[in-house]
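# Inside the fold
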Amino acid sequence: MQTGAYVLLLADMTSNRRLPIMIGPAEAQSIAMVLENVNATRPMTHDLFRSFCEAFDVHFTEVVIDRFVNGNFLSSIYLNGPKGLQVLDARTSDAVALAIRFSAPIYTLESIMEAAEKGDNLTTDENFVPPHEQDLSDFSIDELKDMLDVYVEKEEFDFASRLRDEIQKREDEKDTQKLN
């Protein structure tokens, strides 16, 4: 804590880089409560949003930290429900508080990591494609296995089965190469 602000430190799963994000005390408390398994006496706003999504069959798919403007990180929340895929803008602190409640993955762009290191401003990267829409050949087998665990836990079985099939295909190819 520094002058009423908190730092949310997100770690890159593939390297030792960290993304520090300044957040307010309310969001810090909301995140900490989930991480420490503390139940609020009354539902917090992020809990209400989760209940709302569950009541209306809306699946919280993922968070993408995709903008760094005037020193602030901004995110897109991907939801899938009766009206199909929807993308909502959000403050990153709120997006993370929601993602941990849904056990949803949190992604960012390489350009965001670089901008944060330099202190540059960036706008949305229109070329960003979330993992479930990408060609799976772009990922290593270890990345596919990590994503499989996440999507099975989220009960996103359609994409999980695609991941499983791609992993099996690559393992079969390795076995075939060993025989030759």
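Residues numbered from 1 in each chain as written. Predicted model: local features only at pLDDT ≥ 70, side-chain atom pairs only at ≥ 80, totals over all residues. Heavy atoms only, no water.

### Side note on the sheet that holds strand 5 (residues 84-91)
Taken together, four strands build an open sheet; the order of strands is 5-4-3-6 and the sheet is mixed. Each edge of the open sheet carries a strand with a single partner, namely strand 5 and strand 6 (106-108). Within the sheet, the average angular offset between the axes of one strand and its neighbour, ignoring direction, is 25°. Relative to strand 4 (residues 72-81), strand 3 (residues 59-69) runs antiparallel, the two sharing nine bridges. What sits directly across from Val63, in strand 4, is Ile77. (Pairing = 2+ DSSP bridges. Helix = DSSP H or I, 4+ residues; strand = E, 2+ residues; numbered from the N terminus. Axes fitted to C-alpha atoms, helices over the stretch in contact; angles between N-to-C directions.)

### Here we look at the pairing of strand 4
Where strand 4 and strand 5 come together, eight bridges link them in antiparallel fashion. Directly across from Leu74, in strand 5, lies its bridge partner Arg91. The antiparallel pairing of strand 4 with strand 5 creates a hairpin that spans two residues between the two strands.

### Focus: the packing of helix 1 (residues 25-35) against helix 3 (residues 92-102)
Where helix 1 contacts helix 3, the two axes come as close as 9 Å, and the packing angle between them is 15°. In terms of orientation, helix 1 lies roughly parallel with respect to helix 3. By crossing handedness, the relation of helix 1 to helix 3 is classed as left-handed. Between helix 1 and helix 3, the contacting residues are Glu27, Ser30, Ile31, Val34 and Leu35 on the first element and Ser93, Asp94, Val96, Ala97, Ile100 and Arg101 on the second. (Parallel < 35°, antiparallel > 145°, perpendicular 65-115°, else oblique. Left-handed = near helix turned anticlockwise from the far one by under 90°. Contact = heavy atoms within 4.5 Å.)

### Quick word on a negative patch on the surface
Together, Asp142, Glu143, Asp146 and Asp149 line one region of the surface with negative charge. Within the fold, Asp149 resides in helix 5 (residues 141-153). Classification of Asp149 by relative accessible area gives exposed; the value is 53%. (Patch = residues over 30% accessible without salt bridge, like charges linked within 9 Å, V, L, I, M, F, W, Y side chains within 5 Å. Areas by Shrake-Rupley, 256 points an atom, 1.4 Å probe, with all protein chains shown as cover. Salt bridge = Lys/Arg side-chain N within 4 Å of Asp/Glu carboxyl O. Lys, Arg positive; Asp, Glu negative; His and termini not counted. Charge placed at Lys NZ, Arg CZ, Asp CG, Glu CD. Buried < 20%, exposed > 50% of the residue type's maximum accessible area, 1.4 Å probe, protein only.)

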